Amino acid sequence: MAVKIRLKRMGKIRAPFYRVVVMDSRTKRDGRAIEEIGKYHPTEEPSVIEIDMERADYWLSQGAQPTEAVAALLKLTKEGNVKTKPAKPSKKELYEAAIAAAGKTSDDASGATTPKKRAAKKAEEPQADEAKADAAPAADTDSGAAAAESTDADADKA
């Protein structure tokens, strides 16, 4: 059996990508492969070439013959002249960068996202501040006692 290392075409009509496969030379181009050892995307910039060199060397030692295109890809991969695409930043990083660029900070710790919830949260905050302000003068014993007497007197009148 004559074994070849060749490209198996996949993808759409004008957007091809290839898999580097080991297959019998008598099978059709996109037929069943013995083993898939890599992939090649020529339409991306820079082209993506990923080949498992360990498996390619194994098949070459077993007598598999690479096609011209695969031989060129193997040569590029062995020399290490393959350009790599820079890593894409994650969506979270892009979101945080956009927020920083807009100059907005998340000062609403409640996590409220709707206007009604934000308004309710803001309405609660001044009441909490007033309670803190009332609690501060109560530390002075004279004014606290006077305030307690005046509220008792108001309650009696009503």
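Heads up: the structure comes first, above all this text.
Given the structure is predicted, the values throughout are model-derived calculations rather than measurements.

Asks: I keep staring at helix H2 (residues 68-79) and nothing clicks. Help me out?
Replies: Note that an α-helix has 3.6 residues per turn; residues three or four places apart therefore point the same way. Compared with the 16 Å implied by 1.5 Å per residue over 12 residues, the 17 Å span of H2 between its first and last C-alpha is a close match. Once H2 ends, the next one or two residues include Gly80, with phi positive near 80°.

Asks: Which parts of the structure should I look at to understand the pairing of strand E1 (residues 3-11)?
Replies: Regular strands have side chains that alternate between both faces of the sheet. By the bridge criterion, nine bridges tie E1 to strand E2 (residues 16-24) in an arrangement that is antiparallel. The residue of E2 that forms the bridge with Gly11 is Pro16. Connecting E1 to the antiparallel partner E2 that follows it, the hairpin turn spans four residues.

Asks: Please explain the packing of aromatic side chains as it appears in this structure.
Replies: Each aromatic ring pair is characterised by the separation of its centres together with the angle its planes make. Per the counting criterion, the structure on display carries two aromatic pairs. Ring geometry for Tyr18 and Tyr40: centres 6.2 Å apart, planes at 25°, overall stacked. Here the residue Tyr18 occupies a position in strand E2, and Tyr40 occupies one in strand E3 (residues 35-41), the gap between them amounting to 22 residues. On the basis of relative accessible area, Tyr40 is assigned to the buried category, the value being 18%. Relative to Trp59, the ring of Tyr58 lies with its centre 5.4 Å away and its plane at 75°, an arrangement referred to as edge-to-face. On the accessibility criterion, Tyr58 (36% relative accessible area) is partly exposed.

Asks: Is there a simple way to think about the sheet that holds strand E5 (residues 65-66) in this case?
Replies: Strands pair in a sheet through their backbones, by hydrogen bonds, and they do so in one of two ways: parallel or antiparallel. With respect to topology, five strands assemble into an open sheet ordered E4-E3-E2-E1-E5, the strand pairing being mixed. Taken across any chain shown, the strands that pair with only one partner, and hence form the sheet edges, are strand E4 (48-51) and E5. As judged from the five bridges shared by E2 and E3, these two strands associate in the antiparallel manner. Counterpart to Tyr18 in the pairing with E3 is Tyr40. Here helix H1 (residues 53-61) sits on the sheet in contact with E1, E2, E3, E4 and E5, set at roughly 125° to E3. Its contacts with the sheet place H2 against E1, E2, E3, E4 and E5, and it is angled at close to 85° to E4.

Calculation notes
Residues numbered from 1 in each chain as written. Predicted model: local features only at pLDDT ≥ 70, side-chain atom pairs only at ≥ 80, totals over all residues. Heavy atoms only, no water. Helix = DSSP H or I, 4+ residues; strand = E, 2+ residues; numbered from the N terminus. Expected span 1.5 Å × (residues − 1). Pairing = 2+ DSSP bridges. Phe/Tyr/Trp six-rings, centres within 6.5 Å; stacked < 30°, edge-to-face > 60°. Buried < 20%, exposed > 50% of the residue type's maximum accessible area, 1.4 Å probe, protein only. Contact = heavy atoms within 4.5 Å. Axes fitted to C-alpha atoms, helices over the stretch in contact; angles between N-to-C directions.

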